[in-house]
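# A closer look at the structure
If you want the building blocks of each chain, they are given just below.
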Amino acid sequence: MNNSKKQLLPTIRDLPRFLCEPDPYIYLSNNYVVLDYETTNKDKGTALRGDNRIVLACWHAVLGEETEVLSHYGGEYELSELVEAVQRADFLVAHNAKFELQWLERCGLDIGEVVVYDTMLGEYVLGGNRWVGAKVGLDAIARRRGLGAKATLVSNLIKNGVCPSDIPRAWLEKYCARDVDLTHRLFLEQRRELEEHGLLKVLYTRCLLTPVLADIEKNGMYLDAERVEAAYVAAERELFDLNVRLHTLTGGINTNSTKQLAKFLYEDLKFAEVKDYKGKPLRTPAGAPRTDVDTISSLRPKNQKQREFLEVYSRHKEVSNELTKYLRKWHECCENDGGHLTAFFNQHMTQTHRLSSSGAKYRTQFQNFPRTYKPFFTAPTDKWLVGECDGSQLEFRVAVHLGRDEQGLYDIEHGEDIHGFTAQTLTEAGEPTDRQGAKAHTFKPLYGGQSGTHAQQTYYQAFRLKYKGIAEAQQRWINEVLSTGKLVTEWGMVYHWPGTKMSRSGYVDNTTSICNYPVQGFATAEIIPIALVFMWHRLRRSDLQMRIVNTIHDSIIMLLPEEEQEDFHILSKECLINAVYDYLRCTYNVQLTVPLGCSVSTGKHWGSKEETKYEAEKELYRGNGV
DNA sequence: GAAAAGTGCGCC
DNA sequence: AAATGGCGCACTTTTC
């Protein structure tokens, strides 16, 4: 166990050079490999399925002026030449490199030692918020850039479910060679543009996260079968009763149909629609009456029939949601897979560049479990725990930094109760609100929110007055977008809102996005990924057994042996706090001016209430950091 | 009959 | 005219 080369917890200096001395200009080197795999096609060909295999690998090995064009038809055990080429190179180029990395790991590569350049992420970073998802697919990019479309015959075969292993070898080779060539030319175009726009560093950060995600997707999370089963059975039982009652009350309409439900609510039961301050009914974007919980819960029943319907309906909605989105799937997962639940992370789906996730086999994504279900997750073995660490008030603190807001800094340093201020302001404006109820409103101004009830508007104004620095920064962002159509953030990321105009009333299009993207992006697309990267590499170079299993925007979820609790605390603090300051300074030349904090908890199940909080030392954010 | 649009709801 | 950001998934209805 005491491997001489490893330590329980290596320091940051022991990490690979590309981390302790981050250098985005490595991408200007001409020592790289461009790779594309064709694989069998179960679940999109993922390497995480043992029954998939590599059909064909095509790669370019570039060294100086020389480009070798290579390919190999056959499985992963015969690809040592490729693995060695990748190890010799300064970096690996691939489109959606997470996919290739998972395969390369099966081919025997240590993916913790590789720097990748992902052309999908390259395009994503160049686009800012302009193109996401399918628009950064290789086809779409080739079309947009006039690089020549993909070979249509083979791509159509694959799209229509034909396994590459059944496609004639010569066709497939031509297709794959073309994709590598396309990826290579795309890379050369992109790196020039990224350098020109000062975006290499942003791409570097995106790409550092790729091997981390490639690895943690393999882990998954574990459900406590007993807890899931109990909740599942109780919910099915309750739903059955509620269905009967609802059927009687409504005469058998389908309450899942917004159309039928709206007719029942507003015509049959004669509820009055909720109106705005001008007396106009609040409708959906398409003009239909609203039937969501918020709307329905604000309806005021005037008779017994209305009252009873609201009561039964709201509970029915709750229970059926829980069942269809979580409990039935998790019940299946416990029956068939011992409660092992997996998902994958999408690096290219969001406008702000935070991650998104999608459920794998059971289609439950990893970022929207109901909070009350956290205790349904547990460790797969005895003597292991679930741990969670998250950035304290992360988006607020980021906003305070971006606005160099003195009041905000004071409040953070003195642990002021921000929600308390919200509650007090709302109460004094005639809308009695407790602290819990105030939480929803506290940060709405960070999203540029202005409207609402009189008391709410009073609060938003009070927020803008109190945190002047934040409000002024947001106003500057709006002005910049008005005059240039884009916003260059202080870490280099550029968001675009072309054609933004001011209306006659003075309201600027996209105000809410302009106010929010920099905050959300810096917090959850830069800071947390940095922490994840450092945490993963330090664990990888240690003897510790704990592993990262999930990340939800401002938090990281782990599985760990009981005896590694202290290491987990240290690691959380050092990665979520210290490493972030260093990395931001080295890579982005950004000196954070606020304390970062984190809170750490562990337990037999996820969601333990006992938290330990840590705060940054003053010299990290108030001096030169030395 | 499949795809797209619309609506609602879970999380941060 | 409206004016709180970001997602993915279930379900119904509309469109092609």
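Residues numbered from 1 in each chain as written. Chains lettered and ligands numbered in written order. Predicted model: local features only at pLDDT ≥ 70, side-chain atom pairs only at ≥ 80, totals over all residues. Heavy atoms only, no water.

### Section: the pattern of salt bridges
What the rule picks out here adds up to 35 salt bridges. Aspartate 110 is the salt-bridge partner of arginine 540, the closest N and O atoms lying 2.8 Å from each other. Separated by 430 residues along the polypeptide, arginine 540 in helix α19 (residues 511–540) and aspartate 110 in the loop between α3 (97–106) and β5 (116–118) bring together distant segments of the chain. Residue arginine 540 is classed as partly exposed on the basis of its relative accessible area of 27%. As a salt-bridge pair, lysine 604 and glutamate 562 come within 3.3 Å of each other at their nearest N and O atoms. (Salt bridge = Lys/Arg side-chain N within 4 Å of Asp/Glu carboxyl O. Helix = DSSP H or I, 4+ residues; strand = E, 2+ residues; numbered from the N terminus. Buried < 20%, exposed > 50% of the residue type's maximum accessible area, 1.4 Å probe, protein only.)

### Brief notes about the protein's contact with DNA strand C
Taken together, 35 residues sit near DNA strand C, with Ser257, Lys329, Lys444, Tyr507 and Tyr517 positioned nearest. Here, DNA strand C places atoms within 4 Å of the protein, and 73% of those atoms are sugar or phosphate. Side-chain polar atom of serine 257 to a phosphate oxygen of DNA strand C: 2.4 Å apart, as the coordinates give it. Between DNA strand C and serine 356 there is a distance of 2.8 Å, counted from a phosphate oxygen to a side-chain nitrogen or oxygen. Mapped by element, the contributors of at least two residues to the surface near DNA strand C are α10 (258–268), α12 (304–337), β9 (356–359) and α19. The element best represented in the surface near DNA strand C is α19, accounting for five residues. Across the surface near DNA strand C, the residue classes break down as four nonpolar, 24 polar and seven charged. (Near = heavy atom within 4 Å. Polar contact = N/O pair within 3.5 Å; in protein donor to acceptor, adjacent residues only side chain to side chain. Nonpolar A, V, L, I, M, F, W, Y, C, P; charged D, E, K, R; others polar.)

### With respect to the packing of helix α13 (residues 394–402) against α19
Interaxial distance between α13 and α19 falls to 9 Å at its minimum, and their mutual angle equals 115°. For the element pair α13 / α19, the angle class is roughly perpendicular. Considering how the two elements wind past one another, α13 and α19 form a crossing that is right-handed. For the pair α13 and α19, the contacting residues are Leu394, Glu395, Val398, Ala399, His401 and Leu402 in the first and Asn516, Pro518, Val519, Gln520, Phe522, Ala523, Thr524, Ile527 and Ile528 in the second. (Axes fitted to C-alpha atoms, helices over the stretch in contact; angles between N-to-C directions. Parallel < 35°, antiparallel > 145°, perpendicular 65-115°, else oblique. Left-handed = near helix turned anticlockwise from the far one by under 90°. Contact = heavy atoms within 4.5 Å.)

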